[in-house]
Amino acid sequence: MGSAFPAAGLAALLSMAAVTAAAASPPAEAFGNLPAIEGARISPDGGHLAAIEPVDGRPVVEIYDLANPGSRIHSLAMQGAQADLAFWPNDQRLIGIFHANLHDRWSQSINRWSRAVSAHSEGANPTLLMWDLLSIRQNLSTAHFVDFDLDDGNIIYMAAMEEFEGSDGPSLNLYRVDVSSGKSQLVEVGRPGTVQWIANGHGYAFMRVDLDRDLQMHVLFHDEDKWEDLAKFDARGGLRIGFDGLNAKGDALVIEHANAGGMGSLFQLGAKDETELFSNPEYDVATVLPDERTRRVIGAAYAADKLEYRYFDPHMAKLQSDLERALPGCSVNIESMDAAQHTVVVEADGPRDPPALYLYNPATAVLSTFKLAYPDLSKDDLGSAAPYPYTARDGTKLHAYLTLPPGKPARNLPTIVFPHGGPAARDMLAFDWWAQFMASRGYAVLQPNFRGSAGYGSAFLLAGDGQWTGAVLNDLTDGAAKLEADGIADPKRVCVVGASYGGYAALAAATFAPDVFACAVSFAGLSDLGPWLDWVAGSEGDVQEGLSVWERRIGAARSDTAKLQAMSPAHHARNVKIPVLLIHSEKDVTVPIAQSEIENDELRLAGRDVEFVRLSGDDHYLSLPQTRIQLLKEIEKFLAAHIGN
């Protein structure tokens, strides 16, 4: 479960919170504005830097000329869309990935559309990639990047759904795409169950992953003119299986799954056997670290109290170590580097260190700040954060993080229990704009990694299944009780706030533990599990992998109406005794706004105190600054009214 937090450390944290100089809190805009820079990538020759930055309230790709500091910035954008990613296939061309959540004029449903655009290094001559795909007007995504062509920098490989005459249905197919013209050429045809392609960097489809209707995942190896079934994995329930690309040598597929000890680990699957590549005895692998040019897996990261990066190559390991010494206490991520490794692009952050982008010269060991993601925030504006472990009532050890408000003694504070989404996710010591905003308003903020959270092994993950109104809910209320017993929280002023699954947890706490909290806030939370499972099933087609995941997590089949209703807050609105704030984005395609509409209707019918705020134009991930700021202001007003600050 991770290292224990010693009593001396807690005492230091409490003391720090008490002596921090009080000052006027920054406005909601300082926290809610989108990061001023993120996702930076440098061109292979080191001449240009591309990054995602907000312009007029929407993320676009901004391009810097590093050879001429202070020179004019160029932009790559799509009207009405948001930039998600930028990368360089060669020195002259840049690719931006964009998305937009749009209403279908016929069905009135909302779908997420994704497109890839190529442009000159200064943003000129933009070209839509795969514009010649026959089904592009109906295809939700033509932005699925697979691999570079290491022999021709003007070529990349992409995947897209397409249905051909005489086929069994739509399939995910592999295409060769010219980044200058945008034209695509079919390379390999998949099957209706194909979910992934793995290429070798030289135009060869090395492996393919197919998912059948029995939710068996098949890894197929391309041996000259035929495909051989190399391995099979059970994907029922969504127990983690990840196919991350080729290893550094390019002769085996890197796979994520649980090892014999139940920890999520990396394995190499070759033509003859599978061997373990990387694991940690306490924590699951959080992500792989790919080489920027070859896409080969060269390292892994796991989340302890912060993200820890481990490279397999000694040179990269030393570079990581040098950067961590230069930025002590931060989580340090090597974002990008030029082909000659003369310039390294680094992002670092910590709980009181909002993300910042740096340029590092390994030859001179000079680290320079390029741009701050939250320029209107300083350390003094932010709360001190530290691990806050506690033991649940059944003896389960839980890892959590406590952020204390700046300038206030850590005694008898109004407090927020802030469960994360997922539920297969986790919190750690990192900058959290939402948690820090609440701390800046005078609230202690507890972020518990309740059972069912990811990162601590499969046993802990599965311990949350079927326990959403049982042990998982107890984990949240036990955290509040621990803060009260330690004298940190005022027992009469504890609120529960959450988003997505955390929003469900907030509603469940208000409904099934009605005497513990003084108020509840749910952003995009589930409220009625039966209609939710129906929506998941309807959006998946024939292969119901997502449905199996949610049935496993909830602990009930879609047909088990009684159990689903028993766990659904909307069906027990009369239990609620506390004020509830519901917030939901109108273009949410992850949890439809109908879930909050149902809860609002039921609470109003029951005569309960409820407010419902609709966020116009945004999605599940709060992608727009105006709606982030609106959300924060609504929460600030609600909390001040019900637990004070």
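Presented here is an overview of the structure given in this document. (Residues numbered from 1 in each chain as written. Predicted model: local features only at pLDDT ≥ 70, side-chain atom pairs only at ≥ 80, totals over all residues. Heavy atoms only, no water.)

The antiparallel open sheet is built from four strands, whose spatial order is β14-β15-β16-β17. Of all strands in the sheet, those with a lone pairing partner are β14 (194-199) and β17 (226-234), marking the two edges. Each strand axis lies, on average, 20 degrees off the axis of its neighbour in the sheet, ignoring direction. (Pairing = 2+ DSSP bridges. Helix = DSSP H or I, 4+ residues; strand = E, 2+ residues; numbered from the N terminus. Axes fitted to C-alpha atoms, helices over the stretch in contact; angles between N-to-C directions.)

What follows concerns the sheet that holds strand β20 (residues 264-269). One key point about sheets: their strands pair by backbone hydrogen bonds, in either a parallel or an antiparallel sense. Strand order across the open sheet formed by four strands is β18-β19-β20-β21, with antiparallel pairing between neighbours. The open sheet has two edge strands with one neighbour each: β18 (242-246) and β21 (274-278). This sheet shows a mean twist of 35 degrees between the axes of neighbouring strands, independent of strand direction. Inspection of the sheet shows strand β19 (residues 253-258) paired to β20 by six bridges, in the antiparallel sense. Looking at β20, one finds that V254 is bridged to Q268.

Compared with an ideal rise of 1.5 Å per residue, which puts 12 residues at 16 Å, helix α8 (residues 529-540) spans 17 Å between its outermost C-alpha atoms and is within 8% of the ideal. When we look at burial in α8, the residues that qualify are L529, G530, W532, L533, V536 and A537. Along the axis of α8, the buried residues cluster in a sector spanning 165 degrees; they form a single face. For α8, the elements touching its buried residues are α7 (501-512), α9 (545-554), α10 (561-566) and α11 (594-605). (Expected span 1.5 Å × (residues − 1). Buried < 20%, exposed > 50% of the residue type's maximum accessible area, 1.4 Å probe, protein only. Arc of directions from axis to C-beta. Contact = heavy atoms within 4.5 Å.)

For the rest of this paragraph, the subject is the pairing of strand β26 (residues 344-350). Within a regular strand, the side chains alternate between the two sheet faces. Extensive coverage of β26 is indicated by the burial of six of its seven residues. As paired elements, strand β25 (residues 331-337) and β26 share six bridges and run antiparallel to each other. Paired with V332 across the strands is A348, a residue of β26. The antiparallel hairpin formed by β25 and β26 contains six residues in its connecting segment, where Q341 sits at a positive phi of about 60 degrees. In this structure, β26 lies alongside strand β27 (residues 353-361), joined through six bridges in antiparallel fashion. The partner of V346 across the bridge, within β27, is Y358.

Relative to the helices and strands, H222 is located in strand β16 (residues 216-223). Those residues in contact with H222 that lie beyond four places of it in its chain are E188, Y204, A205, F206 and W227.

Attention now goes to the packing of helix α6 (residues 471-485) against α7. Across the interface, α6 lies against α7 with an axial gap of 10 Å and an inter-helix angle of 80 degrees. Here α7 runs roughly perpendicular to α6, going by the angle between their axes. Two secondary-structure elements touch here, α6 through V472, L473 and L476 and α7 through Y501, A505, A508, A509 and F512. Tallied by class, residues from the contact of α6 with α7 come to eight nonpolar, no polar and no charged. (Parallel < 35°, antiparallel > 145°, perpendicular 65-115°, else oblique. Nonpolar A, V, L, I, M, F, W, Y, C, P; charged D, E, K, R; others polar.)

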